[in-house]
Amino acid sequence: TVISSLDDGVLKLTLNRPDKLNAFNEDMHLALRRQIERAHDDSSVRTILLTGAGRAFCAGQDLGDRDPRKSDEKPDLGHTLDTFYNPTLRLIRDLEKPVVCAVNGVAAGAGANIAFACDIVFAARSARFIQAFSRIGLIPDAGGSWSLTRILGEPRAKALALLAEPLMAEQAEDWGLIWKAVEDDALLETATAVADRLALGPTIGLGLTKRLIQAAGTQDLDTHLDMERDCQRAAGFTNDYAEGVTAFLEKRPAVFKGE
Ligand code: LHQ
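Residues numbered from 1 in each chain as written. Predicted model: local features only at pLDDT ≥ 70, side-chain atom pairs only at ≥ 80, totals over all residues. Heavy atoms only, no water.

A. Focus on the domain arrangement of the protein. Split by domain assignment, the protein resolves into domain 1 (2-199) and domain 2 (203-249). Placing a centre on the C-alpha atoms of domain 1 and another on those of domain 2 gives a separation of 27 Å. If you look at the interface, domain 1 gives 11 residues, while domain 2 gives 9 residues. Here domain 1 packs against domain 2, burying approximately 870 Å² in sum over the two surfaces, 42% of which is carbon and sulfur. Across the domain 1-domain 2 interface, the total number found is 2 salt bridges. Close ionic contact of Glu 96 with Arg 211 constitutes a salt bridge, the shortest N to O distance being 2.6 Å. Here the side of domain 1 that touches domain 2 is built from residues that sort into 5 nonpolar, no polar and 6 charged. (Domains from an automatic or database assignment. Contact = heavy atoms within 4.5 Å. Buried area = accessible area lost by both parts, 1.4 Å probe. Salt bridge = Lys/Arg side-chain N within 4 Å of Asp/Glu carboxyl O. Nonpolar A, V, L, I, M, F, W, Y, C, P; charged D, E, K, R; others polar.)

B. Here's a closer look at the packing of helix H2 (residues 77-94) against helix H3 (residues 110-117). Running from amino to carboxyl end, H2 crosses H3 at an angle of 20 degrees, the nearest separation of the two axes being 9 Å. Classified by the angle between their axes, H2 and H3 sit roughly parallel to one another. As for the relative orientation of H2 and H3, their crossing is right-handed in sense. Between H2, through Tyr 85, Leu 89, Ile 92 and Arg 93, and H3, the contact on the second element is made entirely by Ala 110, Asn 113, Ile 114 and Ala 117. Its residues placed into classes, the contact of H2 with H3 shows 6 nonpolar, 1 polar and 1 charged. (Axes fitted to C-alpha atoms, helices over the stretch in contact; angles between N-to-C directions. Helix = DSSP H or I, 4+ residues; strand = E, 2+ residues; numbered from the N terminus. Parallel < 35°, antiparallel > 145°, perpendicular 65-115°, else oblique. Left-handed = near helix turned anticlockwise from the far one by under 90°.)

C. Summary view of the pattern of salt bridges. Under the counting rule described, the total for this entry stands at 11 salt bridges. Between Arg 229 and Asp 226 there is a salt bridge, with its nearest N and O atoms 3.4 Å apart. Here Asp 226 and Arg 229 lie together in helix H9 (residues 221-236), a separation of 3 residues that amounts to about one turn. With relative accessibility at 41%, the residue Arg 229 sits in the partly exposed group. For Arg 252, the salt bridge identified is with Glu 243, shortest N-O distance 2.8 Å. One salt-bridge network, in which partners are shared between bridges, spans Asp 226, Arg 229, Asp 230 and Arg 233. (Buried < 20%, exposed > 50% of the residue type's maximum accessible area, 1.4 Å probe, protein only.)

D. Looking closely at the environment of Asp 94. Note on placement: Asp 94 falls in helix H2. When its relative accessible area of 52% is taken as the criterion, Asp 94 is described as exposed. As for Asp 94 and Gln 232, which are separated by 138 residues in sequence, their C-alpha atoms are 18 Å apart.

E. Up close: a nonpolar patch on the surface. On the surface, a cluster of nonpolar side chains totalling about 350 Å² of accessible area is made up of Leu 63, Leu 77, Ile 136 and Leu 138. Here Leu 77 shows up in helix H2. (Patch = residues over 30% accessible without salt bridge, like charges linked within 9 Å, V, L, I, M, F, W, Y side chains within 5 Å. Areas by Shrake-Rupley, 256 points an atom, 1.4 Å probe, with all protein chains shown as cover.)

F. Quick look at the pairing of strand S7 (residues 120-124). Counting buried residues in S7 gives 4 out of 5 residues, a clear majority hidden from the surface. Summarising the sheet, strand S5 (residues 99-103) and S7 pair through 4 bridges and their orientation is parallel. Among the inter-strand pairings, Val 103 is bridged to a residue of S7, identified as Ala 123. Bridging between S7 and strand S10 (residues 180-182) involves 3 bridges; their strand directions are parallel. Bridging from a neighbouring strand, Phe 122 pairs with Lys 180 of S10. (Pairing = 2+ DSSP bridges.)

Encoded structure:
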């Protein structure tokens, strides 16, 4: 359900249930989580590139997986979030390596919000994002009610969530929800080039940068300046910093090893 390949430090993960528009069943949840855990543990992984097979990125939860009509008991969706979505969301945010997302087609429900949790998001011009939850009586999960509000502010977050209207890739770029909308046939090439570049970067410094930017929204400047000090201290101890400065002084490109 998830195709993985590791090339030159880029762990490419392709959600692969194309006839269900890559909707999540338990198998795909666990496969994706295993791969992100691997990225945490394996120093040869220096960047993740996440995309979808076929015409969609991801249609969110597989709504046919457990049909609520077929059970007498009401489903506990809080348990589903605790067991499947939230661990993955936390893993993506906590991974101190860049996660690039190439949204190749429609991203609906949790599928959209997983994309918004990634660090650098490209989308095909024809892709659309849908907060489909309100169509079926649910709330925006997978961090959506948090990230949409933080990125867009209440008026746009509320309209997207309450109306569940599709948001086209270009509009998502204009609103700052994603990094760039690109021509459909250039999507994978563009996202791969960026992932390749990041995988050759000073991984520890990039990871600390990600940590700082994520923390900035929730702490005051005083606390944050202390955190910058600590992170810069750690960055200054890396071999990549020594290499970066040496390469600059020698007027040659730096060769970072991610250590
Ligand atoms: C699907 C799905 C799908 C199954 C397309 N499931 N088959 C968390 C906690 C626990 C439970 C609940 O959920 C959550 C988080 C969530 O993500 S809730 C939101 C779940 N997602 C949705 O509500 C989106 C449902 N899908 C759609 O609205 C449309 O399929 C979109 C707008 C994504 C695409 O529309 P179209 O391009 O017109 O394609 P389609 O609707 O014809 O879909 C193609 C096939 O994929 C079709 O199957 P079929 O056998 O008829 O060819 C769909 O049934 C299947 N599919 N999404 N989520």
